[in-house]
Amino acid sequence: MKRKPNIAVVGATGVVGTTFLKVLEERNFPFENIYMMASARSAGTTVTFKGKEYVVEELTEHSFDKPIDIALFSAGGGTSAKFAPIAAEHGCIVVDNSSQWRMEKDVPLVVPEVNPQDIGWNKGIIANPNCSTIQAVVALKPLHDKYGIKRVVYSTYQAVSGSGMKGINDLKNGLEGKDEPLQKFPHPIAGNCLPHIDVFMENGYTKEEMKMINETHKILGDDSIKVTATTVRVPVFDSHSESINIELNKPFELEDVVELFKNFPGIVVQDDVENNVYPLALDAAGTDEVYIGRIRRDFSVENGLNIWVVADNIRKGAATNAVQIAEKLLETLPD
């Protein structure tokens with residue numbers, strides 16, 4: 001039997017960090033010792049995990065002097081840039097939820113249902129993809145394996161929880177009619193849609209859109225796929241929804257596509273339009289699956305397909321995906 005690892009949760013008091021703990025507990029992740037870490041601002045507070053209270057310690061250059069096998073990071077790119085290499089130098093494997101390492105050549109970018117083999121070449125840091133990319137590539141993987149993908153058009157409808165507590169507060173204040181200054185967004189989000197997630201780049205795309213494009217290529221291991229994206233923040237608290245238009249390289253039958261999805265790990269098909277059954281953000285919230293529906297041909301192009309994909313962006317789009325990577329790492333630990 002493999003020994004139980006020592007693990008750390010960095011950013012333990014944040015939105016994703018607290019969800020790390022919830023998912024670790026739900027999945028009964030084995031551990032010998034667990035350490036809660038955060039910034040100096042949160043140090044000294046307590047978090048409850050498996051019925052026990054843990055004191056949050058300040059993350060410093062010496063936090064990984066003690067033996068830690070796996071660390072789940074969700075504390076922002078700057079923190080990851082500084083402390084993930086320190087952890088790796090001490091023999092700890094970091095699963096990082098920030099965008100800091102995702103496109104680094106020597107860092108695997110992993111969705112366990114899609115490219116688990118890439119975990120094997122990590123050098124101490126494994127990147128967790130962008131939330132909107134994770135659910136998208138889970139849907140694309142079985143299609144790419146069987147038919148090959150020529151082109152993908154992403155149109156996303158992303159929940160405010162993806163922008164942290166400030167974004168959540170902007171929506172809450174707007175829905176409650178409070179005349180409060182906006183904390184996160186450049187315009188009100190209540191009753192509105194903002195085609196603006198992250199900063200705008202010189203090419204006119206937002207950073208979020210470029211993340212989806214670049215990460216899709218890296219995760220699927222195929223730069224030949226043509227990918228474009230428009231990402232939109234919508235007045236929904238939890239779960240991202242995506243309309244994905246796909247041009248396949250080979251002809252397909254819809255019935256075969258549906259069966260592909262039904263038999264792929266992590267996917268739940270909800271596609272019964274006669275009874276108004278299709279994936280909904282409200283239903284996906286609090287779950288770990290990727291839901292697919294509205295599966296239909298795109299008659300405007302050869303071998304075209306349209307699908308509607310929904311998943312909880314804080315769970316599958318962040319915390320659960322990272323824990324799934326950690327579960328794969330358990331298999332590599334020495335006895």
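Per chain, the residues get numbers from 1 upward, laid out in the order the sequence is written. The predicted origin of the model limits local features to residues at a pLDDT of at least 70 and limits the giving and counting of side-chain atom pairs to 80 or more, whereas totals for whole chains, interfaces and linings rest on all residues. For side-chain calculations, the full set of non-hydrogen atoms in the structure is used, while hydrogens and water are omitted.

## A look at the overall build of the protein chain
And step 1. A helix here means a DSSP run of H or I that spans at least four residues, while a strand means a run of E at least two residues long, and both kinds are numbered starting from the N terminus. Looking only at helices and strands, the protein chain features eight helices and 14 strands.
And step 2. Here the globule rule reads 2.2 Å times residues to the power 0.38, and the radius of gyration is calculated from C-alpha atoms. A globule of 335 residues ought to have a C-alpha radius of gyration of about 20 Å, and the protein chain, at 20 Å, matches this closely.
And step 3. Overall size of the protein chain, expressed as C-alpha extent along the three principal axes, is 60 × 55 × 40 Å.
And step 4. Summary of the burial criterion: residues with accessible area below 20% of their type's maximum are buried, those above 50% are exposed, and those between are partly exposed, where the area comes from a 1.4 Å probe applied to protein chains only. When the 335 residues of the protein chain are sorted by exposure, 54% land in the buried category.
And step 5. Restricting the contact set of the protein chain to residue pairs at least 6 apart, pairs at least 24 apart contribute 67%.
And step 6. In these tables, accessible area is a Shrake-Rupley quantity obtained with a 1.4 Å probe, and a residue counts as shielded only by the protein chains included in the view. Counting every atom, the protein chain has about 15,100 Å² of accessible surface; 49% of that belongs to carbon and sulfur.
And step 7. Counted as positive: Lys and Arg. Counted as negative: Asp and Glu. His and the chain ends are not counted at all. In plain terms, the charge of a residue is placed at NZ if it is Lys, CZ if Arg, CG if Asp and CD if Glu. Both charge centroids of the protein chain, one from 34 positive and one from 46 negative side chains, sit 2 Å from each other. When checking whether two residues touch, look at their non-hydrogen atoms; a contact exists if any pair is within 4.5 Å.

## Quick look at the sheet that holds strand 14 (residues 304-311)
And step 1. Strand order in the open sheet formed by six strands is 10-9-11-14-13-12, and the pairing between neighbours is mixed. Because the sheet does not close on itself, it has two edges, and the strands there are strand 10 (226-233) and strand 12 (267-269). Taking each pair of neighbouring strands and ignoring which way they run, the sheet shows an average axis angle of 25°.
And step 2. One bridge is not enough; two strands pair if DSSP finds at least two bridges between them. One ladder, built from six bridges, connects strand 13 (residues 290-298) with strand 14; its direction is antiparallel. Bridged to Gly 293 within strand 14 is Trp 308.
And step 3. To get an axis, fit a line to the C-alpha atoms, keeping to the stretch in contact for a helix; angles then go from 0 to 180 degrees between the N-to-C directions. Against the sheet, helix 5 (residues 207-220) contacts strand 9 (149-158), strand 10 and strand 11 (240-248), and its axis sits at roughly 145° relative to strand 10.
And step 4. In the packing of helix 6 (residues 254-262) onto the sheet, contacts are made with strand 12, strand 13 and strand 14, and the angle to strand 13 comes to roughly 165°.

## Observations concerning the pairing of strand 13
And step 1. Sheet topology note: the strand 12/strand 13 ladder contains three bridges and is parallel. Residue pairing for strand 13: Val 268 is matched across the bridge by Tyr 291.
And step 2. In this structure, the hairpin formed by strand 13 and strand 14 is closed by a connection of five residues, where Asn 303 is found at a positive phi of approximately 60°.

## Some remarks on the packing of aromatic side chains
And step 1. In summary, the pairing rule links any two rings of Phe, Tyr or Trp, Trp by its six-membered ring, whose centres are within 6.5 Å, and it sorts them by plane angle into stacked for under 30 degrees, edge-to-face for over 60 and tilted for everything else. With the rule as written, the count across this model stands at five aromatic pairs.
And step 2. Each ring, one from Phe 64 and one from Phe 73, has its centre 6.2 Å from the other, and the planes form 15°; the classification is stacked. Residues Phe 64 and Phe 73 agree in their burial class; the two are buried.
And step 3. Here the aromatic residues Phe 31, Phe 49 and Tyr 54 are joined through ring pairs into a cluster of three or more.
And step 4. A ring has a charge above it when a Lys NZ or an Arg CZ is no more than 6 Å from the ring centre and no more than 35 degrees off the ring normal. Lying across the ring of Tyr 35, Lys 66 places its NZ or CZ 5.0 Å from the centre.

## Looking at a negative patch on the surface
And step 1. Side chains of Glu 253, Glu 255, Asp 256 and Glu 259 sit close together on the surface and give a patch of like negative charge.
And step 2. Position of Glu 259 among the secondary structure elements: in helix 6.
And step 3. Relative accessible area serves as the criterion here: at 40%, Glu 259 is assigned to the partly exposed category. Only residues whose relative accessible area exceeds 30% and that form no salt bridge enter a patch; like-charged residues are grouped when within 9 Å of one another, and nonpolar side chains (Val, Leu, Ile, Met, Phe, Trp, Tyr) when within 5 Å. Just to be clear on terms, a salt bridge is a Lys or Arg side-chain nitrogen sitting within 4 Å of an Asp or Glu carboxyl oxygen.

## A word on the state of the cysteines
And step 1. The criterion for a disulfide is a pair of cysteine sulfur atoms lying within 2.5 Å. Applying the stated criterion to the full structure yields zero disulfides.
And step 2. Here Cys 131 stays free of any disulfide, with the sulfur of Cys 193 as its closest cysteine sulfur at 17 Å.

Don't take any of this as a statement about function, it's just geometry.
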